[in-house]
Structures are given as structure tokens and as C-alpha cells.
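For reference, the chains in residue letters:
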Amino acid sequence: MITPRIRIPKKAKKGEVIEIKTLISHPMETGHRRDVGGQLIPRHIIHTFTCSYNGAEVFRADWHPAVAANPYLSFYTLATESGRLRFEWVDDDGSVYMAEAEITVE
Amino acid sequence: VNGDGTSGARGQHVGVLALVVAVATAWAGIGLLLAGEPIRYIVDGRRSGYTYLSEENQRLQDDDFANPGLLWVEKGQELWRQAEGATGGSCMSCHGDATESMRGVRTRYPRFDSRRGKLINLEQQINRCRAEHMQAGPYSDESEALLALTAFVGFQSRGMPINVSIDGPAQPFFEAGRAFFFRRRGQLDLACLHCHDQYAGQRLRGDVISQGQINGFPIYRLTWQTLGSAHRMFAWCNTSVRAEPYASGSEEYVNLELYLAWRGRGLPVETPAIRR
């Protein structure tokens, strides 16, 4: 069960810097650990995170095995216009987890 | 604004007073719950693990968005409503709104159960409800589902003081739990008492030893990077003194859980707490 959580302000003034917080449940298995039988546990992480604002990419991050499980990320962007923010987390296994949030800019 | 021209000055006084109170409470180990009610993390010398956390980790616990334990609480909320088993019921079919029916429940567990003739903890109570009322199979110990539902139920008592019953039929089990706490074990020949009572607050290598209070369980433990039960923590501790751990849900650990709950009586439920 992968569950993303998003927090953005519902409203903002045009030109305001807004903080966006994200959290997603994920094991972020590094690929360096071994199980009790000595076998390497295969790497399983989210390797890319992107955020687009009305279709335009405003933030992107490449993640690596050292990122902790259940990664929390907060970043800032400029409130330019009302619309929709779209968040995507891309998993090693090819899955893409998505979330969306609306913002009203006055 | 009062018309007597004193509101400004009074406002200043209130401001200064508020600041003094804030500083004093922070110093006395009293924090603020998000609802605005004060939480006492130190009760008569009994210190929640919260007071041993760094400021950053305390903030992580206090922030209901950033605290990863809330991911399990959310999952638990879904499971609460999810119908399963032969009767087609869910937790909600019997218990309704958890914010009301489950409020305070976590503070009373483990408790004596007359039908079993021994103690029952919250995890076991959940599995018994599933068996008897839903005719669904039990969740396995430390499974994501059991942790999620336990966290969700515990979350409804957040901030309420731990208040278990240790007299009457629970007494022999309480005594057994206490004996466990005082008994030396493992190759290091240590009892719980030695670290978590006699040396609590002192350093063990890079870390400060806590009192070993269990008011925040299930906890999101940074070492584990996941949620874990009190029994998982007991097993971790036992292994650390190179003793053979007991199984999650074993009678030894449920008895110990009752003793520790009593030992931390009055401490607030912090489920899901952040711990190192």
C-alpha cells in the first residue's frame, strides 16, 4: 500500500512563495542489505520525484539509495496562477505513484 | 479597545506572561498538543521517551503531516471500515465512530481477560474481535495491518494518561511482569532495571538511555524506519543484552507490558510516537 500525502496552502497571493510538503510510504530498500540467509535484498527505491504546476515542471529530484524509508520532501515554488499541482514518484519497479492538489491564487 | 485606555498595556502584560509560561513549560518538559491542550511528558519523575529526543525529532512527532507514523494511522482508518470475514462486518459495524468509541481504550491495555484467564493486549483484542465478531483470520504479529489498526485505535487516546488496572485478577500477571523487569538475562547479565532505571539519563555510547516507557507505542522507530510494537522493542532489547527474545504476543511480554504501563502511569498516550 503506497500512500502519498500532500500539503499545500489552499489559497495564496499572486507572486507569493508557497511551501509544499510531501510524504510517501515506501521501504526505500537500498540494495546493499542482506537477509538472514546472506542473500542480497534487491534494491527497491523511488528514484525520481517531479512536481508540475498546470503542466509545467517546477521541481524535480533524483533520489538515491541513501534516502530514508517513507521519504518526506518539502520545497518552495512561486504561486503564479490558480490551478492544479501534480506530483509523481517513479519507482524502480516501473510503478508511478501520483497525487494532485488544487490551489487558488488571488 | 476597552475604552479605558489600558488595553495596550494589558496586552503587553499578557504577552510577557505568555512568553514566561511558554519558557517555563518548555523547561518542565511540558509540550503542546496540536489541539492546544498541554501535554505533560514528565509525571512525578516518570519521563516519556519524548523528553530524550532531540528538538528536531520532537518536532517531527508533533507535526501530524511529517510524522510517518500517521501513514499507519491512515491505513488503520481504512481497515476500520473494511468489511472482512464470514459475517461481512467491519470494526465499524460494532464500534461505529472510532473517535468516540475508541477514545481512552489504549490507556487501559493490557487488561485482565476473564475468558482467557490471563492478560490481553490491544493487538490480541483486535485479533479476537476479528475472530469472534467478523469470523476473519487473525492478523499476524508485526504485520502492517495489525500495526496500522493498533496505531489507529491508540491514536484516538492521544494525550490521555495511561491508567491500567493491576489489582484483583490482574495482580499475579503484574507481579510476573515486574519479576521479568528485575531479572538478569543474556550474556551481558543485565535486567531491564539496570539500564532503564539505574542508568536512565546517562549515556550508552552515543545515545542517552531512556526510562523505557511504552506510552508511545506502536512507535515509528528511526532505527527501523518503520512502525513497531512494544513487543518488537522488548525483543530488540533482549537481543541487545544477548538474551534469547520471546515471541511477539507471548505471555511473558504481555505481562511485562502491563508492568511497564503501570510504571509509566499518568504519562500521555503518544501513539504513534517517534523514537530513535
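In what follows, the structure referred to is the one given above.
These numbers were taken from a predicted model, which means no experiment stands behind them.

Draft legend 1. Structural view of the interface of chain A and chain B. Contact residues are listed per partner, giving 14 residues for chain A and 14 residues for chain B. Here chain A and chain B share an interface that buries about 1,200 Å² over both sides, 60% of which is from carbon and sulfur atoms. On the surface where chain A and chain B come into contact, there are two salt bridges. A salt bridge links Arg5 of chain A to Glu74 of chain B; its shortest N-O distance comes to 2.8 Å. On the surface where chain A and chain B come into contact, there are five residue pairs in polar contact (both at pLDDT 80 or more). Looking at the side of chain A that touches chain B, the elements that each hand over two or more residues are strand E1 (4-7) and strand E3 (17-24) of chain A. It is E3 of chain A that contributes the most residues to the side of chain A that touches chain B, four residues altogether. For the side of chain A that touches chain B, the per-class residue count stands at seven nonpolar, four polar and three charged.

Draft legend 2. Molecular detail of unusual backbone geometry. Of note, the amide linkage connecting Phe217 of chain B to Pro218 of chain B takes the cis form, showing an omega dihedral of -5°. Looking at where Pro218 of chain B falls in the secondary structure, it is placed in the loop between strand E8 (207-208) and strand E9 (219-221). Omega for the peptide link from Thr271 of chain B to Pro272 of chain B comes to -10°, which places this bond in the cis form. Turning to its location among the elements, Pro272 of chain B is positioned in the loop between helix H11 (251-263) and strand E11 (273-275). Here Met28 of chain A, not a glycine, exhibits a phi torsion of approximately 50°, which is positive. Its place among the elements puts Met28 of chain A in the loop between E3 and strand E4 (46-53).

Draft legend 3. Structural detail: the pattern of salt bridges. Using the criterion set out here, one finds 24 salt bridges over all chains in the structure. Asp64 of chain B is paired through a salt bridge with Arg158 of chain B; the nearest N and O atoms lie 3.0 Å apart. Here Asp64 of chain B, found in the loop between helix H2 (55-62) and helix H3 (69-81), pairs with Arg158 of chain B, found in the loop between helix H7 (144-155) and helix H8 (171-182); they are 94 residues apart in sequence, far enough to count as distant. A single burial state applies to Asp64 of chain B and to Arg158 of chain B, both of which are buried. Residue Arg111 of chain B is joined to Asp113 of chain B by a salt bridge in which the shortest nitrogen-to-oxygen separation is 3.8 Å. Among the ionic contacts, a cluster of salt bridges with common partners joins Arg84, Arg86, Glu88, Glu100 and Glu102 of chain A.

Draft legend 4. Examining the sheet that holds E11 of chain B more closely. Residues and elements named next belong to chain B. The sheet built from three strands is open, its strands ordered E10-E9-E11 with mixed pairing. In the strand order of this sheet, the two ends are held by strand E10 (226-228) and E11, each with one partner. Taking the axes of each pair of neighbouring strands and ignoring which way they run, one obtains an average angle of 40° across the sheet. Note: E9 against E11, three bridges, orientation parallel. Across the sheet, the residue bridging to Ile219 is Ala273, located in E11. Along the sheet, helix H10 (residues 230-240) contacts E9 and E10; its crossing angle with E10, the most-contacted strand, is approximately 90°.

Draft legend 5. Looking closely at the environment of Val269 of chain B. Residues and elements named next belong to chain B. Checked against the element boundaries, Val269 lands in the loop between H11 and E11. Here the alpha-carbon distance between Val269 and Thr223, two residues 46 residues apart in the chain, equals 21 Å. Once you skip the residues sitting within four places of it in the chain, Val269 turns out to touch Arg106, Thr107, Gly154, Ser157, Arg158, Gly159, Met160, Ile162 and Asn215.

Draft legend 6. The packing of helix H6 (residues 122-134) of chain B against H7 of chain B, seen in detail. All names here are of chain B. Two elements in contact, H6 and H7, have axes whose closest approach is 10 Å; the angle formed by their N-to-C orientations is 110°. Comparing their axes, H7 and H6 come out roughly perpendicular. Facing Leu122, Glu123, Ile126 and Asn127 of H6, the residues of H7 in contact are Leu146, Leu149, Thr150 and Val153. Here the contact of H6 with H7 is built from residues that sort into five nonpolar, two polar and one charged.

Procedures and definitions
- Residues numbered from 1 in each chain as written.
- Chains lettered and ligands numbered in written order.
- Predicted model: local features only at pLDDT ≥ 70, side-chain atom pairs only at ≥ 80, totals over all residues.
- Heavy atoms only, no water.
- Contact = heavy atoms within 4.5 Å.
- Buried area = accessible area lost by both parts, 1.4 Å probe.
- Salt bridge = Lys/Arg side-chain N within 4 Å of Asp/Glu carboxyl O.
- Polar contact = N/O pair within 3.5 Å; in protein donor to acceptor, adjacent residues only side chain to side chain.
- Helix = DSSP H or I, 4+ residues; strand = E, 2+ residues; numbered from the N terminus.
- Nonpolar A, V, L, I, M, F, W, Y, C, P; charged D, E, K, R; others polar.
- Buried < 20%, exposed > 50% of the residue type's maximum accessible area, 1.4 Å probe, protein only.
- Pairing = 2+ DSSP bridges.
- Axes fitted to C-alpha atoms, helices over the stretch in contact; angles between N-to-C directions.
- Parallel < 35°, antiparallel > 145°, perpendicular 65-115°, else oblique.

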